[in-house]
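# Examination of the molecular architecture
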Amino acid sequence: MEREKKGLSVWGLTMLALGTVVGGSFFLGSSVAIRAAGPSVLVSYVIGGILVYFILSALSEMTVANPVAGSFRTYTEQAFGRGAGFTVGWVYWTGLVLAMSSEAAAVSILLRGWFPALPLALLGSGIIAGVTLLNLLGAERLSKLESGLAAFKLLAIAAFVLIAVALIVGIGARGAGPVGFGVVRGQSFMPGGVAGIAGSMLMVMFTYAGFEVLGLAASETGNPGVTIPKAIRFTILLLVGLYLAAMVALFLLLPPARVSEQISPFVSALSLYGLGWTGTVMNIVLVSAILSTMLASVFGLGRMLRSLAEEGHTPGWMRDRTDIPYRGILISGGAMLAGLWLGMLLPQGVYLFLVSSGGFALLFSYVIIMASHYRLRKRHGGPLIGQHGLRGYPYTSWIAIGGLTAIIFSMPLIPGQGGGLAAGAMFVVLFSGIYAAGTLRKGREAGGLRKRPLQVPAARAQIEAAEELEGKREQE
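Per chain, residues are indexed from 1 in the order of the written sequence. Only residues with pLDDT of at least 70 get local features here, since the model is predicted, and only at 80 or more are side-chain atom pairs given and counted; chain-wide, interface and lining totals rely on the full set of residues. With hydrogens and water set aside, each side-chain value is computed from the structure's full complement of heavy atoms.

Moving on: the overall build of the protein. What counts as a helix is a DSSP run of H or I of at least four residues, what counts as a strand is a run of E of at least two, and both are numbered from the N terminus. Counting its secondary structure elements, the protein contains 21 helices and 0 strands. When accessible area is computed with a 1.4 Å probe and restricted to protein chains, residues below 20% of their type maximum are described as buried, those above 50% as exposed, and intermediate ones as partly exposed. Counting every position in the protein, which comprises 476 residues, the buried fraction comes to 52%. Throughout, a contact is declared for two residues whenever any of their heavy atoms are within 4.5 Å. In the protein, the proportion of contacts linking residues at least 24 apart, taken out of those at least 6 apart, comes to 81%. When the accessible surface of the protein is totalled, it reaches about 21,000 Å², and 66% of it is carbon and sulfur. Accessible surface area values rest on a Shrake-Rupley calculation with a 1.4 Å probe, where residue burial reflects the displayed protein chains alone.

If you want it as structure tokens, here you go:
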């Protein structure tokens, strides 16, 4: 009974998810989506929100029916076998480790602007060590820290919307030209057409990425059947609502043609109205956003590694026997350090090729979540639980799988993301091959054991005794 009283609350779980999702990809990467689609990126955010709702609904249904620490990796194994579970687990873990090592390098560059005497390697290593050690405090304490960081990021978005409203109504504007509807008057809503919306979907999905931590945290909630569905609803409403509000406010301040991929569009918009100090504020927000994302990602990485270890997909010494997966967290932190140092040793092109696999790993996992849910529900002959199931099944499953697959294959259309598709596919082939080789080796060992029964000492002794007795009989 005590176990039921403890665990992550709805608010704590929601903040943990938002801490992972709202990161640098929104504050900086959204400029790529805006350049591709113009104001119609609003449509992209709505479509992205719908896809996330489908994925989270499917994940929620499986999670409430079976709240395990391995989440979608375990469900993949149940649906498609051990090989699929092994592959998706390691692809996700490897891709996210490489992506977070890159995030550590990015936040180190931001911090060096304030501490120029410190080398990047030291800053990056300190950040990774810090987020790793904080994860050792446990889910409940971490969720409180994540709640603070996530709230800060959400308040930053809300503050931008309020400042935009003030500028639109004439408070604080310094004669920067038209504002509000004067900015959008004469602008094409879809300058890139449908192709522009399609081209922006990859970056939009990246701004939503990370919500799968809700499933990985399911085993740490007191009442998953109530907590998980509520946390999913709050996460979707807050994410889509704030993203759309921020984008609308942005387009009422800044023409899409003036958005640069080299600077945050929010800084560009406010600087246009004489608020140049926002650049410093945005750097603070970016640092907190990336640190928050790294904290929540290490949380998920530790639980994923524990799940792999419990299924025998890792060496035995990696297995954790405590509520907090200390070994999984420390190994994941060590792998992120290795990724950071690798980036300093390898040629930049090779490192970027590997790091870009992080985006593929997330999208690949989302496809697998939908495919696993589809198969498990079909096998079950109906919803896995009485309520909170995916609405519109199987059509919503097909829509989500088709949409996510199309986004994955559109990766080469975005500069720098073609390598992500290639590197991600390489990891899928690599881990599938490792599993197949391991299975083949075990099969040979098992076959060898089956052929050896007459060679054991007891059997040999019986044969020798029988031969000796037969010899005596012949002598008699």
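Attention now goes to helix α15 (residues 278-310). A helix is expected to reach a length of 1.5 Å times the quantity of its residues less one. Counted at 1.5 Å a residue, the expected span for α15 with its 33 residues is 48 Å, and the 48 Å between its end C-alpha atoms agrees. Most of α15 sits out of view: 26 of its 33 residues are buried. Phi turns positive, to about 80 degrees, at Gly 312, one or two residues after α15.

With that settled, the discussion passes to the nonpolar core. Throughout this description, the term nonpolar core refers to a set of buried Ala, Val, Leu, Ile, Met, Phe, Trp, Tyr and Cys residues connected via side-chain atoms within 4.5 Å. Core analysis: the biggest nonpolar cluster contains 137 residues, and Phe 27, Met 247 and Leu 363 have the highest contact counts within it. Tallying contributions element by element places α15 first for this core, with 15 residues. Once residues within four sequence positions are removed from consideration, Leu 363 is found in contact with Leu 202, Met 205, Phe 206, Leu 404, Ile 407, Ile 408 and Met 411.

As a packed pair, helix α8 (residues 120-135) and α15 sit with axes 9 Å apart at the nearest point and diverge in direction by 50 degrees. Comparing their axes, α15 and α8 come out oblique. The hand of the α8/α15 crossing is right-handed. Where α8 approaches α15, its residues Ile 127, Ile 128, Val 131, Thr 132, Leu 134 and Asn 135 are matched on the opposing element by Leu 291, Met 294, Leu 295, Val 298 and Phe 299. Only Asp, Glu, Lys and Arg are considered charged, only Ala, Val, Leu, Ile, Met, Phe, Trp, Tyr, Cys and Pro nonpolar, and every remaining residue, Gly among them, polar. A class-by-class count of the residues in the contact of α8 with α15 yields 9 nonpolar, 2 polar and no charged. Axis lines are fitted to C-alpha atoms, over the contacting stretch for helices. Their N-to-C directions set the angle, which ranges from 0 to 180 degrees. Working definition: roughly parallel below 35 degrees, roughly antiparallel above 145 degrees, roughly perpendicular at 65 to 115 degrees, and oblique for all remaining angles. By convention, the crossing between two helices is left-handed when the near helix turns anticlockwise from the far helix through less than a right angle, and right-handed when the turn is clockwise.

For the rest of this paragraph, the subject is the packing of aromatic side chains. How two aromatic rings sit relative to each other is given by the distance of their centres and the angle of their planes. Aromatic contacts are taken between Phe, Tyr and Trp rings whose centres are within 6.5 Å, Trp giving its six-membered ring; a plane angle under 30 degrees counts as stacked, one over 60 as edge-to-face, and the others as tilted. Enumeration according to the criterion identifies 19 aromatic pairs in this entry. For the pair Phe 26 and Phe 266, a centre-to-centre distance of 5.4 Å together with 45 degrees between the ring planes defines the contact as tilted. Taken together, the residues Phe 26 in helix α3 (residues 24-27) and Phe 266 in helix α14 (residues 265-271) connect sequence positions 240 residues apart. With respect to burial, Phe 26 and Phe 266 carry one shared label: buried. For the ring pair Tyr 374 and Trp 398, a centre distance of 6.5 Å and an interplane angle of 50 degrees mean the geometry is tilted. With a gap of 24 residues between them, Tyr 374 in helix α18 (residues 357-380) and Trp 398 in helix α19 (residues 395-409) connect regions that are remote in the sequence.

Side chains that differ in sign of charge can pair as their charged atoms come close. Any Lys or Arg side-chain nitrogen found within 4 Å of a carboxyl oxygen on Asp or Glu counts as a salt bridge. As enumerated under the stated definition, the model contains 4 salt bridges in all. Close ionic contact of Glu 61 with Arg 377 constitutes a salt bridge, the shortest N to O distance being 3.2 Å. In this pair, Glu 61 is assigned in helix α5 (residues 41-65) and Arg 377 in helix α18, connecting sequence segments 316 residues apart. Note on Glu 61: relative accessible area 0%, which makes it buried. A single network of salt bridges, built from pairs that share partners, joins Arg 73, Glu 77, Arg 82 and Glu 311.

Looking now at helix α7 (residues 82-112). Compared with an ideal rise of 1.5 Å per residue, which puts 31 residues at 45 Å, α7 spans 45 Å between its outermost C-alpha atoms and is within 8% of the ideal. Most of α7 is tucked away: 22 of the 31 residues are buried.

Structurally, Arg 391 is set in the loop between α18 and α19. For Arg 391, a relative accessible area of 66% corresponds to the exposed category. Between the C-alpha atoms of Arg 391 and Phe 54, which are 337 residues apart in sequence, the distance is 8.1 Å. Discounting chain neighbours no more than four positions away, the residues touching Arg 391 are Tyr 53 and Thr 396.

Moving on: unusual backbone geometry. Each neighbour pair has its own omega, and for Tyr 393 with Pro 394 the value is 5 degrees, a cis peptide bond. Mapping Pro 394 onto the fold places it in the loop between α18 and α19.

Between helix α6 (residues 72-80) and α7, the least distance of the axes is 7 Å, while the angle of their chain directions is 155 degrees. In terms of orientation, α6 and α7 fall into the roughly antiparallel class. Viewed along their axes, α6 and α7 form a crossing whose handedness is right-handed. Taking contact as the criterion, the partners of Phe 72, Arg 73, Thr 76, Glu 77 and Phe 80 in α6 are, on α7, Arg 82, Ala 84, Gly 85, Phe 86, Val 88, Gly 89 and Tyr 92. Here the residues of the contact of α6 with α7 sort into 6 nonpolar, 3 polar and 3 charged.

Examined against the element boundaries, Ile 127 turns out to sit in helix α8. Along the primary structure Ile 127 and Met 294 are separated by 167 residues, whereas in three dimensions their C-alpha atoms are 9.2 Å apart. With residues up to four places along the chain from it excluded, the contact list for Ile 127 reads Ala 104, Val 107, Ser 108, Leu 111, Leu 291 and Met 294.

What follows concerns the confidence of the model for the protein. Any residue range with low pLDDT should be treated as having predicted coordinates unsuitable for detailed reading. A score between 0 and 100, pLDDT records how confident the predictor is in each residue. When pLDDT is averaged along the protein, the result is 81; 87% of the residues meet or exceed 70. Per-residue pLDDT, averaged within each element of the protein, yields its smallest value for helix α1 (residues 2-5) (38) and its largest for α19 (93). Below pLDDT 50 for its whole length, residues 1-5 participates in 5 contacts with residues either more than four positions away or in separate chains. Contacts of residues 451-463 to residues separated by more than four positions or lying in other chains number 4 contacts, the stretch itself having pLDDT below 50.

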